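A closer look at the structure
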Amino acid sequence: MIGYVRGIVTHLFKESCYVDVHGVGYRVYVPTTTRQQLIEGQEATLFTYLNVREDAMQLYGFWTEEEYELFILLISVSGIGPKVGLGILSGMTPEAFKLAVINGQVQQLTKLPGIGKKSAERLVLELKDKLAKMTYISTESPAVIQPIGVTASGAAGEAIEALVSLGYSERDVADIVESLDDGKRDVSELIKVSLIELGKGR
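Note that this is a predicted model, so its numbers are computed, not measured.

Secondary structure assignment for the protein chain yields nine helices and five strands. In sequence order, the secondary structure elements of the protein chain are arranged as β-β-β-α-β-β-α-α-α-α-α-α-α-α. Counting across all 202 residues of the protein chain, residues that qualify as buried make up 45%. For the protein chain, the share of sequence-separated contacts (at least 6 apart) that also reach a separation of at least 24 residues comes to 59%. Summed over all atoms, the accessible surface of the protein chain reaches about 10,500 Å², with 49% contributed by carbon and sulfur.

Pasting the structure below:
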C-alpha cells in the first residue's frame, strides 16, 4: 500500500492532480479542501489510499492525516465508496462532519453529494461512537456545509448514490437525476428513468 506521495504538483484538475515523484507522474484524486492547498510547480505531500478494483487502481490523496483517517472510516460504512467519501470530505470539514454525526443531524448530512436519508442514518449509526472517540478531530466548528457541486437530497440524493454505486460517475448522473426529479417520482422510478437517459448517451 502507498502510505503517502511527495513530489511536485505538475497539473491540477477539478477533482484530481498529477504529482511527479522522481519522474513518475501519479494521478491522485483529492477532495476540494486538499485541492485548495495545492499549487502547480510546488512540492506537496499527500497521505494516500490506493483503491484496487478489477478494472482500475485509483489513488486518493489528502492534505492532512485527519482527512485521511476520516476517509478510511467513511469507506468502512456499507454503501459508501471512495467517490462518495471524497464528496463528503469536499462538502464538510472533518470537525463539522463529526459534529453532525454525533448530534444525529440527518437532514444536514443529506445535503452532501450522494447521501440520501438512509445513507445519512447509516453514517450516524455506524460512526457516532467511533467519531466520539477521535480526540484529534475537535467539535468546535459548526456543522456547516461548504458550497459543493451537487447538493441533492431526498429521493434525488438516494438515486444519485444508487447510480454511483452501479459505477456511474457522480458528475455524469447528478444533472440528469436532478432534471428528472419533479418531486413526484420516488427513488426507484428516478433510478429507472435516469438509466434510460444514461442509455441514450445523454
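Here we take up the pattern of salt bridges. Evaluated as defined, the whole model comprises three salt bridges. When the shortest N-O distance is used, the salt bridge between arginine 185 and aspartate 182 registers 3.8 Å. By relative accessible area, which is 24% here, arginine 185 ends up partly exposed. Each of Asp182, Arg185 and Glu189 takes part in one network of salt bridges that share partners.

Below, the discussion takes up the environment of leucine 50. Within the secondary structure layout, leucine 50 lies in strand S4 (residues 43-52). With relative accessibility at 26%, the residue leucine 50 sits in the partly exposed group. Beyond its immediate stretch of four places on either side in the chain, leucine 50 contacts Met57, Gln58 and Leu59.

Now for the sheet that holds strand S1 (residues 4-12). A barrel is described by the order of its strands in space; here five strands give the closed sequence S1-S2-S3-S5-S4, paired in mixed fashion. Sheet twist, expressed as the average angle between the axes of neighbouring strands with direction ignored, equals 55°. Relative to S4, S1 runs antiparallel, the two sharing five bridges. Its bridge partner being in S4, isoleucine 8 is matched across the sheet by glutamate 43. Across the sheet, helix H2 (residues 65-75) touches S4 and strand S5 (57-62), and the angle it forms with S4 is around 10°. The strands touched by helix H3 (residues 82-91) are strand S3 (24-29), S4 and S5; relative to S5, the strand with the most contacts, the crossing angle is about 20°.

Take the UniProt feature "domain: Helix-hairpin-helix DNA-binding motif class" (unreviewed entry) in the protein chain next. Listed under "domain: Helix-hairpin-helix DNA-binding motif class" (unreviewed entry) in the UniProt record, and renumbered for this structure, are residues 72-91 and 107-126. Measuring from the first to the last C-alpha atom of residues 72-91 gives 16 Å, for a span that is 70% helix and 0% strand. Structurally, residues 107-126 is divided into 65% helix and 0% strand, and its ends, taken at the C-alpha atoms, are 17 Å apart.

Looking now at the packing of aromatic side chains. Scanning the entire structure with this criterion turns up six aromatic pairs. For the pair tyrosine 49 and phenylalanine 71, a centre-to-centre distance of 5.6 Å together with 65° between the ring planes defines the contact as edge-to-face. Here phenylalanine 71 lies in helix H2 and tyrosine 49 lies in strand S4, a separation of 22 residues in the sequence. Accessibility assignment for this pair places tyrosine 49 and phenylalanine 71 in one class, buried. Here the aromatic cluster, defined as three or more aromatic residues joined through ring pairs, consists of Tyr29, Tyr49, Tyr60, Phe62, Tyr68 and Phe71.

Another point: the pairing of S4. When S4 meets S5, the two strands line up antiparallel, connected through six bridges. Across the sheet, valine 52 pairs through a bridge with methionine 57, a residue of S5. In this antiparallel pair of consecutive strands, S4 and S5, the connection spans four residues.

Calculation rules
- Residues numbered from 1 in each chain as written.
- Predicted model: local features only at pLDDT ≥ 70, side-chain atom pairs only at ≥ 80, totals over all residues.
- Heavy atoms only, no water.
- Helix = DSSP H or I, 4+ residues; strand = E, 2+ residues; numbered from the N terminus.
- Buried < 20%, exposed > 50% of the residue type's maximum accessible area, 1.4 Å probe, protein only.
- Contact = heavy atoms within 4.5 Å.
- Areas by Shrake-Rupley, 256 points an atom, 1.4 Å probe, with all protein chains shown as cover.
- Salt bridge = Lys/Arg side-chain N within 4 Å of Asp/Glu carboxyl O.
- Pairing = 2+ DSSP bridges.
- Axes fitted to C-alpha atoms, helices over the stretch in contact; angles between N-to-C directions.
- UniProt positions renumbered as here; feature names shortened; annotations may be inferred.
- Phe/Tyr/Trp six-rings, centres within 6.5 Å; stacked < 30°, edge-to-face > 60°.

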